[in-house]
Amino acid sequence: MNETFQVWANDWLGILIPGGRILFIILMAWLIQRILTRAFTRIAERYHMPPSMLLPLRGAIRWLILGSAFMLILERLGVSANALWTALTGFVAVAAIAFFAAWSVLSNLLCAALIFTVGPFRIGDYVEVLESAEKPGVKGRVVAINMLYTTLEDISEGNAGALLQIPNSLFFQKIIRRWRGANGPLPLADNE
């Protein structure tokens with residue numbers, strides 16, 4: 001009977017002790033987060049900081065504490081801290097590279113949505129993308145607008161008829177000169 005109790009107690013203690021440690025980590029993380037949130041709220045009230053400045057700080061504190069508690073819990077479950085940090089830094093590096101790689105595509109998609117909704121130009125309009133107000137730029141008739149590029153039919157003397165594909169984001173980074181309709185590059189006031 002005594003031997004059976006020892007086996008039973010060892011089995012349960014093998015579950016209860018790590019479970020108690022994990023519960024203690026969760027409780028301490030919650031308590032530290034509450035204390036720090038209240039401290040920052042008092043500091044913000046004392047120095048008359050706007051709530052919009054306090055909100056990101058609270059979020060950063062919450063995520064830092066939750067991340068630390070999660071790492072401690074995984075360590076208590078037997079996962080190596082070195083393996084966790086290696087995985088975390090690897091994930092952050094890959095996410096950063098993917099973000100920068102996808103940024104230009106996402107920018108062009110957003111700008112395409114803005115071109116379709118705001119309508120700075122339409123198919124059939126003549127546009128010129130200028131480097132500055134004094135320098136001439138790429139000029140052509142808009143023949144197509146898709147999610148990544150706007151296609152212009154080149155109207156310059158040497159390249160008449162050639163198609164130019166301009167990334168949509170460029171229309172929001174440069175100065176655009178526009179002529180409405182099929183009359184060609186006439187000043188907008190004369191055309192309307």
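Residue positions are given per chain, counting from 1 as you read along its sequence in written order. pLDDT decides what is reported in this predicted model: residues at 70 or higher carry local features, side-chain atom pairs at 80 or more are listed and counted, and totals for whole chains, interfaces and linings draw on all residues regardless. Side-chain descriptors were evaluated using all non-hydrogen atoms of the structure, hydrogens and water having been removed beforehand.

Identification of the chain as Small-conductance mechanosensitive channel from Thiopseudomonas alkaliphila is taken from an unreviewed UniProt entry. UniProt positions are given in the numbering used here, feature names are shortened, and annotations may be inferred rather than shown by experiment. In the Sequence similarities (unreviewed entry) part of its UniProt record, the chain is described as follows: "Belongs to the MscS (TC 1.A.23) family." Under Subunit (unreviewed entry), UniProt gives the following word-for-word description of the chain: "Homoheptamer."

S.K.: Even after reading the chapter, I still don't get the overall build of the chain, so can you show me in this structure?
M.R.: A run of H or I in DSSP becomes a helix once it reaches four residues, and a run of E becomes a strand once it reaches two; helices and strands are each numbered from the N terminus. Counting its secondary structure elements, the chain contains 4 helices and 5 strands. Secondary structure of the chain in N-to-C order comes out as α-α-α-β-β-β-β-β-α. Its C-alpha radius of gyration of 31 Å places the chain more than 25% over the 16 Å reference for a compact globule of 192 residues. Overall, the chain is about 100 × 45 × 25 Å in size when its C-alpha atoms are taken along their principal axes. Only protein chains enter the accessibility calculation, which uses a 1.4 Å probe. A residue is then buried if its area is under 20% of the maximum for its type, exposed if over 50%, and partly exposed in between. Relative to its full complement of 192 residues, the chain shows a buried share of 23%. Using the Shrake-Rupley algorithm and a 1.4 Å probe, accessible areas are obtained, with residue cover drawn only from the displayed protein chains. Only carbon and sulfur atoms are counted for the fraction: they give 67% of the accessible area of the chain, which is about 13,800 Å². Positive and negative side-chain charges in the chain, numbering 16 and 13 respectively, have mean positions lying 13 Å apart. Here the radius of gyration uses the C-alpha set of atoms, whereas the globule reference equals 2.2 Å times the residue count to the power 0.38. The sign given to each residue is positive for Lys and Arg and negative for Asp and Glu; His and the chain ends receive no count. Charge coordinates come from a single atom per side chain, which is NZ of Lys, CZ of Arg, CG of Asp or CD of Glu.

S.K.: I keep staring at the nonpolar core and nothing clicks. Help me out?
M.R.: When a protein is soluble and globular, its nonpolar side chains tend to lie buried together. Only buried residues count toward a nonpolar core, which is a set of Ala, Val, Leu, Ile, Met, Phe, Trp, Tyr and Cys residues joined through side-chain atoms within 4.5 Å. If you look at the biggest cluster of nonpolar residues, it comprises 9 residues: I115, F121, V127, V129, V142, I145, L152, I166 and F171. For this core, the elements supplying multiple residues, two or more each, are strand 1 (126-130) and strand 2 (138-145). The contact rule is simple, with two residues in contact once any of their heavy atoms fall within 4.5 Å. Among all residues touching I145, those that are not within four sequence positions of it are I115, F116, F121, I123 and T150. One finds I22, A29, I65 and A69 within the second-largest nonpolar core, a separate group that totals 7 residues.

S.K.: Sorry, what's going on with the UniProt feature "transmembrane region" (unreviewed entry) in the chain here?
M.R.: Feature annotation in UniProt assigns "transmembrane region" (unreviewed entry) to the following positions: residues 12-32, 53-73 and 85-116. The distance from the first to the last C-alpha atom of residues 12-32 is 30 Å, and the span holds 100% helix and 0% strand. Annotated as residues 53-73, this span is 100% helix and 0% strand, and its ends, taken at the C-alpha atoms, are 31 Å apart.

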